[in-house]
Structures are given as C-alpha cells and as structure tokens.
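# Structure at a glance
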Amino acid sequence: QYMFAKRTPEAGVCLIMFVMAIALGLFFGYHVNITCKNMTTNEDGKWEDVKRWYKRQKKDYDEAVKKGWITPQTATNATLTNNGGVTTTTNNAAATPSIPDKDVTCTPSIATTAPAAVETTTSQQTIEANDNKTTIYKGPDGKQYFDPGPIPKNVYDRGLIENWKEVIYPLSLRDGEQKPQSKKTM
C-alpha cells in the first residue's frame, strides 16, 4: 500500500513489468517445448487437431464395437464376401502406415477403392492408404465408423538433442549435405 500511495508511477511500472515477465516466460517456454519436438507453431496446432480427431474417432469406434454394430477386424487378411460375390481383403488396421518422404502432412493420403456391402444393418466400404486397407462401417445411426489404427508419429522429431542441433546448426549449412549446383558457363 505504501508503494502505491507514495510511488504510484513506479509501482504501476513494476506491476506491468511483472505481468509482462510472466507472459514472455510462458511464450518462451511454449517455443522451447515445440522446438524440442521439432515443430513450428502451425504444425503444433495441426498435430493437436490430429490428436483430437484420433481420440474422438477411437472413442466412436470402440462404442460401436461395444454396442455390437460392427465387428473389429483382427486377422491380418480377413476376407469378406457379400451376396454379389465381391471379395474384399482387409489388412489389420493396427499396421503402421508407411509415409513416403514426399508426404509432409500428418496423415497419408487416402484413395477410395471399390465399395463392398455386408448383409447386415451395417454397410462397409474399403479404402486404401499407402498399401494399407481400412474398412469403413456405416452404422445404423448413419454415422461412419472405422478403426483409426495407431496414432500418427511426427517423422521429423529426431529427439531432443538432434532437434536442437538442427536449430543451432541447420542441415543446409552442414558439410556433406547436397548443395545446389551452380550453372557453368561455356
């Protein structure tokens, strides 16, 4: 009270400095954290979206299995046949997808293959993503269910020490890295 009564301007500046020090400390800590994971702020936000989607999809899938709407695929190559004679082979959903180096996104791209239907209250469609096949089930409530498999990993996270080495001394500046060739004049 004495400081605010006798030295109001100085006390106000000290209060503002204290609040700003907390804000800057949190900001610095956040950036140290994402640097340790070898991410940018944009990628961190997108990974949070992926994790949120994964948890929601896994919860929905587990509830659909518990209610008996779908039967999980446990065999490595399960073969399903509908009345039309179409046979669909489904790989185990727990297999880790292979992500090529050219793919810089969090999840692999998905290409749709021929849909197959099962004669129950649940319809089924198979999609393929990088040599792995996933079966999408349409439940009686009209919602689509599928096992999301393992949560995707950040392929650029090389560990704490390697990530900081890359920040301090980028790969593009290191010896032995491929440098762009200059045009030779004739």
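Residues numbered from 1 in each chain as written. Predicted model: local features only at pLDDT ≥ 70, side-chain atom pairs only at ≥ 80, totals over all residues. Heavy atoms only, no water.

This part covers the confidence of the model for the chain. Per-residue confidence for the chain averages 73 on the pLDDT scale, and 61% of its residues sit at or above 70. Below pLDDT 50 for its whole length, residues 108-121 participates in 29 contacts with residues either more than four positions away or in separate chains. (pLDDT = per-residue confidence, 0-100. Contact = heavy atoms within 4.5 Å.)

This brings us to the pattern of salt bridges. All told, the structure shown has 6 salt bridges when counted by the stated rule. Among the salt bridges present, the one from Glu166 reaches Arg158, with a minimum N-O distance of 2.4 Å. Residue class for Arg158 comes out partly exposed when judged on its relative accessible area of 45%. Of the charged contacts, one joins Lys165 and Glu162 as a salt bridge, the two residues approaching to 3.3 Å between their closest N and O atoms. Here the residue Lys165 and the residue Glu162 both occupy positions in helix H4 (residues 160-168), the gap between them amounting to 3 residues, near one helical turn. In this structure Glu162 comes out as partly exposed when scored by relative accessible area, which is 33%. (Salt bridge = Lys/Arg side-chain N within 4 Å of Asp/Glu carboxyl O. Buried < 20%, exposed > 50% of the residue type's maximum accessible area, 1.4 Å probe, protein only. Helix = DSSP H or I, 4+ residues; strand = E, 2+ residues; numbered from the N terminus.)

For Asn38, which is not glycine, the phi torsion reads 55° and is therefore positive. Topologically, Asn38 is positioned in the loop between helix H2 (8-36) and helix H3 (41-67).

A separate point is the packing of aromatic side chains. As enumerated under the stated definition, the model contains 2 aromatic pairs in all. Centre to centre, the rings of Trp53 and Phe146 are 6.1 Å apart; their planes meet at 40°, and the pair counts as tilted. Taken together, the residues Trp53 in helix H3 and Phe146 in the loop between strand E6 (144-145) and H4 connect sequence positions 93 residues apart. Judged by relative accessible area, which is 32%, Trp53 ranks as partly exposed. Ring geometry for Trp69 against Tyr145: centres 6.0 Å apart, planes inclined by 55°, an arrangement best described as tilted. Of this pair, Trp69 sits in the loop between H3 and strand E1 (77-81) while Tyr145 sits in strand E6, and the two are 76 residues apart along the sequence. According to the relative accessible area criterion, Trp69 is partly exposed, its value standing at 26%. Look at Tyr145 and you get buried, because its relative accessible area is 5%. (Phe/Tyr/Trp six-rings, centres within 6.5 Å; stacked < 30°, edge-to-face > 60°.)

A few words on H2. In this model H2 runs 42 Å from its N-terminal to its C-terminal C-alpha over 29 residues, within 8% of the 42 Å that 1.5 Å per residue would give. Among all positions of H2, only Ala11, Ile34 and Thr35 are buried. Immediately downstream of H2, the backbone of Asn38 shows phi near 55°, a positive value. (Expected span 1.5 Å × (residues − 1).)

Turning to its location among the elements, Ile34 is positioned in helix H2. Residue classification places Ile34 among the buried positions, given a relative accessible area of 3%. A C-alpha to C-alpha distance of 7.1 Å links Ile34 and Asp44, two positions 10 residues apart in sequence. Setting aside residues no more than four positions away along its own chain, Ile34 makes contact with Met39, Thr40, Thr41 and Asp44.

To continue, consider the environment of Asp141. Looking at the secondary structure, you find Asp141 in the loop between strand E5 (132-138) and E6. For Asp141, a relative accessible area of 43% translates into the label partly exposed. Spatially, the C-alpha atoms of Asp141 and Trp69 are 9.6 Å apart, while their sequence positions differ by 72 residues. Reaching out from Asp141, the side chain makes a polar contact with the side chain of Tyr145 at a distance of 2.7 Å. (Polar contact = N/O pair within 3.5 Å; in protein donor to acceptor, adjacent residues only side chain to side chain.)

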